[in-house]
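Survey of secondary and tertiary structure
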Amino acid sequence: MNAWKKVIPGMALASALMVATGAGTAAASPATGNTESANRSSASYHFNQLNGYGARGWVKDNANDGWCVQIMVRWYKNGQLRDTDLSARVCGKGRWASFSLTPGDRHHFKASAWKTYLRYTS
């Protein structure tokens, strides 16, 4: 079973946790050079770069609860979903992984917006 939690930066929502987003919607123009961090009981993450050209940071599992964690980034161009990237899965309390993700697989592009998620998998 996959569990998704969303968090909007600066807002705490009981049922959702979206790690970060490019200006809030898929069609909006994002700010560049973002830094975003959070330390939750189940996971921690940090982006030291999140812009239209890529996302870099790390994700850490903080609990021995049987769930693995990873970061998912959905890249949009002109209001349409163009690419989805996943970081490595991290399983087990204290384990972590760094990631560097770019929009586009063979031909990279500058995303006009993006949404990022903290993904829980079993």
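Okay, unusual backbone geometry next. Look at Asn78: it is not a glycine, yet its phi comes out positive at around 55°. Residue position: Asn78 is located in the loop between strand 6 (68-77) and strand 7 (80-86).

With that settled, consider the sheet that holds strand 9 (residues 96-101). Read across the sheet, four strands follow the order 3-4-5-9 without closing on themselves; strand pairing throughout is antiparallel. Single-partner strands in this sheet number two, and they are strand 3 (36-39) and strand 9. In this sheet, neighbouring strand axes are inclined to one another by 5° on average, regardless of whether the strands run parallel or antiparallel. Examined bridge by bridge, strand 4 (residues 43-51) and strand 5 (residues 54-61) share eight bridges and lie antiparallel to one another. In the strand pairing of strand 5, Gln49 is matched with Arg56.

This part takes up the pairing of strand 5. If you look at the hairpin formed by strand 4 and strand 5, you'll find two residues sitting between the two strands. Both strand 5 and strand 9 contribute to a ladder of six bridges, which runs antiparallel. By the bridge assignment for strand 9, Gly57 is matched with Phe99.

Turning next to the state of the cysteines. All told, the structure shown has one disulfide when counted by the stated rule. Bridging Cys68 to Cys91, the disulfide has an S-S length of 1.9 Å. Because the torsion about its S-S bond is 110°, the bridge between Cys68 and Cys91 counts as right-handed. Of this pair, Cys68 sits in strand 6 while Cys91 sits in strand 8 (residues 90-91), and the two are 23 residues apart along the sequence. Exposure remark for Cys68: the relative accessible area of 5% places this residue in the buried category.

What follows concerns the packing of aromatic side chains. Applying the stated criterion to the full structure yields three aromatic pairs. On the numbers, 6.4 Å between centres and 55° between planes, the contact of Trp75 with Trp114 is tilted. With Trp75 in strand 6 and Trp114 in strand 10 (residues 113-121), this residue pair connects regions lying 39 residues apart in the sequence. Accessibility classification places Trp75 together with Trp114 in one group, the buried group. Put simply, the rings of Tyr45, Phe47 and Phe99 pair up and form one aromatic cluster.

Cut-offs applied
Residues numbered from 1 in each chain as written. Predicted model: local features only at pLDDT ≥ 70, side-chain atom pairs only at ≥ 80, totals over all residues. Heavy atoms only, no water. Helix = DSSP H or I, 4+ residues; strand = E, 2+ residues; numbered from the N terminus. Pairing = 2+ DSSP bridges. Axes fitted to C-alpha atoms, helices over the stretch in contact; angles between N-to-C directions. Disulfide = S-S within 2.5 Å. Buried < 20%, exposed > 50% of the residue type's maximum accessible area, 1.4 Å probe, protein only. Phe/Tyr/Trp six-rings, centres within 6.5 Å; stacked < 30°, edge-to-face > 60°.

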